[in-house]
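Descriptive structure summary
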2 protein chains.
Amino acid sequence: MSSNPSYLRGLSRRVLLSALAVAPALIGPLRSAPASAQGTDPLPSWNDGATKQSIVTFVSRVTTQGGPDFVPVDQRIATFDNDGTLWIEQPMYIQLAFILDRVKALAPQNPGWKTKQPFKAVLDGDMKALAASGEKGLMQLMAVTHAGMTSEGFAKIVSAWLATARDHRFKRPYTELVYQPMLELLAYLRANGFKTFIVSGGGIEFMRPWTEKVYGIPPEQVVGSSIKTRFEMQDGRPVLFRLPEINFIDDKVGKPLGINAHIGRRPLAAFGNSDGDLEMLQYATLSGGPRFGLLVHHTDAEREYAYDRKSHFGKLDKALDAAAVNKWTVVSMKTDWKKIFPGDA
Amino acid sequence: MSSNPSYLRGLSRRVLLSALAVAPALIGPLRSAPASAQGTDPLPSWNDGATKQSIVTFVSRVTTQGGPDFVPVDQRIATFDNDGTLWIEQPMYIQLAFILDRVKALAPQNPGWKTKQPFKAVLDGDMKALAASGEKGLMQLMAVTHAGMTSEGFAKIVSAWLATARDHRFKRPYTELVYQPMLELLAYLRANGFKTFIVSGGGIEFMRPWTEKVYGIPPEQVVGSSIKTRFEMQDGRPVLFRLPEINFIDDKVGKPLGINAHIGRRPLAAFGNSDGDLEMLQYATLSGGPRFGLLVHHTDAEREYAYDRKSHFGKLDKALDAAAVNKWTVVSMKTDWKKIFPGDA
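Residues numbered from 1 in each chain as written. Chains lettered and ligands numbered in written order. Predicted model: local features only at pLDDT ≥ 70, side-chain atom pairs only at ≥ 80, totals over all residues. Heavy atoms only, no water.

So, about the overall build of chain A. Within chain A, the regular secondary structure consists of 13 helices and 8 strands. Sorting the 345 residues of chain A into buried and exposed places 61% on the buried side. Looking at chain A as shown, the accessible area adds up to about 13000 Å², and 53% of this sits on carbon and sulfur atoms. (Helix = DSSP H or I, 4+ residues; strand = E, 2+ residues; numbered from the N terminus. Buried < 20%, exposed > 50% of the residue type's maximum accessible area, 1.4 Å probe, protein only. Areas by Shrake-Rupley, 256 points an atom, 1.4 Å probe, with all protein chains shown as cover.)

This is how it looks when you write it as structure tokens:
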């Protein structure tokens, strides 16, 4: 599978998450599949086959009253990674595209950036120089794009950006570059009593402004990376002011910690696409009882992207090996999905 | 109003929270009031009067479709403090009683504790010496009672303790020393589309094992103080191991931070009883639109306790002054509540 350009390699996942750990947008139409009704297929964008069958079989097992694997509604927790699992993450995380655009938007008020790294690299479109600035550089970009405003102010910035930003390849808003089969899966699980959560390495406040409209997932069911905030009064109004300091990185071993902190129950099912999701899938599935783990494998260079073990963003290597051992379902986008995005024919 | 014994003063709120920041019980019957039905009083344990009326009026305002103050269901977030707001906190926080009992239970396996502070103080029932051990002492007690086991293991310890522990004055399980009028209020709000959350200085994992049964509040709607945990594999099973290190103190300015981290929306209504709830009530109510703040004032020494400005646990001083300024409802337990506990006649 193809990997990312070498100049992006300096932007490690940890570095990016540091920058991404961070934002709140009211954009994008809510596209939920119709709830499962007698006789209608709740997963119409999934091709028939072992992958689709594994999902339906699991849901049937845990929802069959009186069956040996029945699970009460209050324990039906499903956790979903976001980048690469619910929406695209190539050629770079969308939150990184936000950072780059935001630096450009703020440049006129900061004339010194023209000659100062890492800002110069962003303004020149010099990704090699940007990568060379490393974690320190990205933290500087994070500080000026993700901190220094209230949580509510940041939500407005994110919403405004998502309303106008377009993916270069697909020429569509990012919130339309979500996976139609996964939207159907979210709706199918909810129709069967599951509470659906996002558990993402992305910034919790970058996701919350739009996840309800786009995925039907409300803010209180979004777990993500975060920066610190400070409670303060501004003109007699209490606000949370965003600080340029990492609070929590919700990736790898951070995902089970984030799940425990926010949800307080072990998920019954977990969905991811990269090594960043390995521990979440382990935590959800390796503890006895009926459990379900699923990885989205990006195998469709034509309709989306094809990448796995050597990709910089969304590297899928150890988790792919673990899937075979632990009998997690692996979705091949190319063969298992009839369509990729809601707007596709 | 009476204050606590002087020997408890060394146990500051911060010190206690450090120790309390920490714990998971399946106990106590779920006692929810019947949902509001045509013609039946949803708040039968509340005496008629301005206090009760303020609650009913607020709920009516925000739920009247087409009215000027109507609030959509997804924005009806209500946050409740726990200690002193939903259950008793005198003569000491219940989580502190847990710590003391737990040290006694573990003493036979730790013979050295007989001569070593702060353990000796606990075993001798010497509260003065315990208070003298200060934050350092309490952190040591916290380490041996709240850390060194998995989250699931801790939940079992808490549940087992709550199943047998009894309050000395009322001779009842602590989970029966919850306030019947507040149980009715929780159910009334939920019947009107509110999502109810606990936002407490107490340990998040000390509360989660029992809040669903006792209050109808599921684990994912509990926000509290926490210690750090470590993801690890034990015999091939992924667990979270509890470490003797504070992660987050969900008190005072921590409450708005905890609300933002876990809920991601500004509450429409907030309920507390002490200065630890001041910032939460400010955050919820001082931001325009229809909002509701309420403080429980412990004024009933006969049926429960009477304390406020000088109390060590649950000090209510600044927040009481703020209530007058901000028009928060102040409940007098003595005059506003017909009964205190569910088991009362």
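Contact residues are listed per partner, giving 37 residues for chain A and 37 residues for chain B. The interface formed by chain A and chain B holds 8 salt bridges in total. Here chain A and chain B share 20 residue pairs in polar contact (both at pLDDT 80 or more) between them. At the level of elements, helix H7 (151-164), strand S2 (195-203), helix H9 (204-215), strand S3 (222-234), strand S4 (237-248), helix H10 (254-262) and helix H11 (278-285) of chain A are the ones that each hand at least two residues to the side of chain A that touches chain B. It is H10(A) that contributes the most residues to the side of chain A that touches chain B, 5 residues altogether. Classifying every residue of the side of chain A that touches chain B by side-chain character gives 16 nonpolar, 9 polar and 12 charged. (Contact = heavy atoms within 4.5 Å. Salt bridge = Lys/Arg side-chain N within 4 Å of Asp/Glu carboxyl O. Polar contact = N/O pair within 3.5 Å; in protein donor to acceptor, adjacent residues only side chain to side chain. Nonpolar A, V, L, I, M, F, W, Y, C, P; charged D, E, K, R; others polar.)

Our focus in this paragraph is the relation of the copies chain A and chain B. By a simple turn and slide, chain A fits onto chain B: the slide is 0.0 Å along the axis, the RMSD is 0.0 Å, and the turn is 180 degrees. Taken together, the rotation and translation relating the two chain copies correspond to the operation of a two-fold axis. Judged by C-alpha distance, A:His262 is the residue of chain A that lies nearest the rotation axis, at 3.1 Å. Looking at the interface residues of chain A, 100% of them are also at the interface in chain B, so both copies use one shared face. (Least-squares fit on C-alpha atoms with pLDDT ≥ 70 in both.)

What follows deals with the packing of helix H7 (residues 151-164) of chain B against helix H9 (residues 204-215) of chain B. If you want to describe how two helices pack, look at the angle between their axes and the distance between the axes. All names here are of chain B. Contact geometry of H7 with H9 gives a least axis separation of 9 Å together with a crossing angle of 65 degrees. At the point where H7 passes H9, the crossing takes the right-handed sense. Taken together, the residues of H9 that come into contact with H7 (itself represented by Ser151, Phe154, Ala155, Val158, Ser159, Trp161 and Leu162) are Glu205, Phe206, Pro209 and Trp210. Residues that form the contact of H7 with H9 fall into these classes: 8 nonpolar, 2 polar and 1 charged. (Axes fitted to C-alpha atoms, helices over the stretch in contact; angles between N-to-C directions. Left-handed = near helix turned anticlockwise from the far one by under 90°.)

Here we come to helix H12 (residues 318-326) of chain A. All names here are of chain A. Every buried residue of H12 is accounted for by Ala319, Leu320, Ala322 and Ala323. The buried side chains of H12 occupy one side of the element, clustering within an arc of 160 degrees when seen end-on. The exposed set on the far side of H12, more than 90 degrees from its buried face, consists of Lys318, Ala324 and Val325. Those residues of H12 that are buried lie in contact with H11, strand S6 (292-299) and strand S8 (329-332). (Arc of directions from axis to C-beta.)

Looking now at helix H6 (residues 134-146) of chain B. All names here are of chain B. Its 13 residues give H6 an end-to-end C-alpha distance of 18 Å, which sits within 8% of 18 Å, the value for a rise of 1.5 Å per residue. Taken residue by residue, H6 has Gly134, Gly137, Leu138, Leu141, Met142, Thr145 and His146 as its buried positions. For H6, the angular spread of the buried residues around the axis is 140 degrees, confining them to a single face. Positioned one or two residues after H6, Gly148 has a phi angle of 90 degrees, which is positive. (Expected span 1.5 Å × (residues − 1).)

All names here are of chain B. Where burial is concerned, most of strand S2 (residues 195-203) is hidden: 8 out of the 9 residues are buried. Where strand S1 (residues 77-80) lies against S2, 4 bridges are found, and the strand directions are parallel. Bridging across to S2, Phe80 finds its partner in Ile198. (Pairing = 2+ DSSP bridges.)

Let us look at the packing of aromatic side chains. Counted under the stated rule, the structure contains 36 aromatic pairs over all chains. With a centroid separation of 4.4 Å and 25 degrees between ring planes, the pair formed by B:Trp87 and B:Trp210 is classed as stacked. You can see B:Trp87 sitting in the loop between S1 and helix H3 (94-106) and its partner B:Trp210 sitting in helix H9, a full 123 residues away along the chain. Taken individually, B:Trp87 and B:Trp210 each receive the classification buried, so the pair is uniform in this respect. An aromatic cluster is built from A:Trp46, A:Phe170, A:Tyr179, A:Tyr305, A:Trp337 and A:Phe341, whose rings are joined through pairwise contacts. Over the face of the ring belonging to A:Tyr305 we find A:Arg169, whose NZ or CZ atom lies 4.8 Å from the ring centre. Seen from the ring of A:Phe154, A:Arg242 lies directly overhead, with NZ or CZ sitting 4.0 Å from the centre. (Phe/Tyr/Trp six-rings, centres within 6.5 Å; stacked < 30°, edge-to-face > 60°. Lys NZ or Arg CZ within 6 Å of the ring centre and 35° of its normal.)

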